[in-house]
Amino acid sequence: MVLQTNPPAWRTVQLAELAEAHGFEYVWTFDSHLLWQEPYVIYSQILSRTNRVVVGPMVTNPATRDWTVTASVFATLNEMFGNRTVCGIGRGDSAVRVTNGKPTTVRDMREATHVIRELANCRAVEYHGSTIRFPWASTSELEVWIAAYGPLALKAAGEVGDGFILQLADVDIARWMIEAVRTAASNAGRDPDTLTFCVAAPAYVGTDVAHMRDQSRWFGGMVGNHVADIVAKYGADSSVPHALTDYIKAREGYDYNEHGRAGNTHTAFVPDEIVDRFCLLGTPDEHIAKLHELKALGVDQFSVYLQHDNKEETLRAYGETIIPALRDAVTARS
């Protein structure tokens, strides 16, 4: 499950508790400290009130947070609660753009991944010309998963990430991107099967298709920000699938004050077809069918963006029907 840390903070904690009760294994949050409340403070409360779920940002970035501070936060939470954190990281979007900043370079993202992982795994690392480590950390273990869309970022995910986060559930695009990450891992001498592949997208369980689309259209706008960067860098005729790049041609700006919100006013350019392809909408059986398609591509985890007006019902449907069906299918094959 992926949440925004909107006030009140205890509502986020409550949803995390509910997610664990329904069988979810990870609780992620956005990480944009100006748009929403500080997630790392909330993680400590989630961890103190749950027993099993892993928490982390989807995603943090190397620009707005000092890398050593980020590592210290994760290591402290792990020492307190027993290695129940994960770090999702990308080049930066809403957290940097609301201050008129820009996403970092892929190189900085790669270096930040290394520094954060080494420190949070109780190892020494070179940083700004000094060799540093946390003398107080002895048991912390942390994986760093890289969120990516563009060719260079996908390459980095395969070469240095412990996992890959793809924030859209289009089966064709997922196939292309997962293969790009796996190829990069193999070319770097890594076993691609050691990486965790995570797909994250809005999931809405219901029958009113028009309403579900309107509640999820914001996601196409969010993804469009990253796609616009790819088109600006590589051009519209790059190797990136046209299914991902064509729909942003009608995009006209973006208001980060409405970032990730259902019903926002600047995502009318996102067509119904893209909403259907990028998200999981419909009955439990329709969710199960698409999740099986993603699993067949090598997806290990599906994370539900829960930014709509049907949070509890969607969680209930996943807990009572969808998650058990997927687990039964795994058990039957084994």
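In what follows, the accompanying structure is described.

Reading the values: the criteria
- Residues numbered from 1 in each chain as written.
- Predicted model: local features only at pLDDT ≥ 70, side-chain atom pairs only at ≥ 80, totals over all residues.
- Heavy atoms only, no water.
- Axes fitted to C-alpha atoms, helices over the stretch in contact; angles between N-to-C directions.
- Helix = DSSP H or I, 4+ residues; strand = E, 2+ residues; numbered from the N terminus.
- Parallel < 35°, antiparallel > 145°, perpendicular 65-115°, else oblique.
- Left-handed = near helix turned anticlockwise from the far one by under 90°.
- Contact = heavy atoms within 4.5 Å.
- Nonpolar A, V, L, I, M, F, W, Y, C, P; charged D, E, K, R; others polar.
- Expected span 1.5 Å × (residues − 1).
- Buried < 20%, exposed > 50% of the residue type's maximum accessible area, 1.4 Å probe, protein only.
- Arc of directions from axis to C-beta.
- Salt bridge = Lys/Arg side-chain N within 4 Å of Asp/Glu carboxyl O.

**Concerning the packing of helix α6 (residues 151–160) against helix α7 (residues 171–187)**
Logical step 1: It is the contact of α6 with α7, at a shortest axis distance of 7 Å, that shows an interaxial angle of 50°. Taken together, the axes of α6 and α7 are oblique relative to one another. Considering the relative orientation of α6 and α7, their crossing is right-handed. Between α6, through Leu154, Lys155, Ala157, Gly158 and Glu159, and α7, the contact on the second element is made entirely by Trp176, Met177, Ala180, Val181, Ala184 and Ala185.
Logical step 2: For the contact of α6 with α7, the class distribution of residues is 8 nonpolar, 1 polar and 2 charged.

**Side note on helix α1 (residues 9–21)**
Residues lying three or four places apart along an α-helix face the same way, a consequence of the helix completing one turn every 3.6 residues.
Logical step 1: Between its terminal C-alpha atoms α1 stretches 19 Å, which fits the 18 Å expected from 13 residues at 1.5 Å a residue.
Logical step 2: Among the residues making up α1, those that are buried are Thr12, Val13, Leu15, Ala16, Ala19 and Glu20. Along the long axis of α1, the arc covered by the buried residues comes to 160°, so they all point the same way.
Logical step 3: Taken from the residues just after α1, Gly23 is the one with a positive phi, measuring 95°.

**Points about unusual backbone geometry**
Logical step 1: In this structure, the amide linkage connecting Pro7 to the following residue, Pro8, adopts the cis form with an omega of 0°.
Logical step 2: With respect to the helices and strands, the residue Pro8 is situated in the loop between β1 (2–3) and α1.
Logical step 3: In this structure, Val59 follows Met58 across a cis peptide bond, with omega equal to 0°.
Logical step 4: Structurally, Val59 is set in the loop between β3 (54–57) and α3 (67–81).
Logical step 5: With a phi angle near 65°, Cys122 is a residue other than glycine that sits in the positive phi range.
Logical step 6: By the secondary structure assignment, Cys122 is in the loop between α5 (106–120) and β5 (125–127).
Logical step 7: Since its relative accessible area comes to 17%, Cys122 is described here as buried.
Logical step 8: One non-glycine residue, His128, adopts positive backbone phi at about 55°.
Logical step 9: Within the fold, His128 resides in the loop between β5 and β6 (130–132).
Logical step 10: Among the residues examined, His128 registers a relative accessible area of 71% and is labelled exposed.

**Section: the pattern of salt bridges**
Logical step 1: In the structure shown here, the tally under the stated rule is 20 salt bridges.
Logical step 2: Note that Arg213 is salt-bridged to Asp272, the shortest N-O span being 3.5 Å. Of the two residues, Arg213 sits in helix α8 (residues 209–234) while Asp272 sits in helix α10 (residues 272–278), which places them 59 residues apart along the sequence.
Logical step 3: Judged by relative accessible area, which is 34%, Asp272 ranks as partly exposed.
Logical step 4: By sharing partners, the salt bridges in this structure join Asp170, Asp172, Arg175, Glu273 and Arg277 into a single network.

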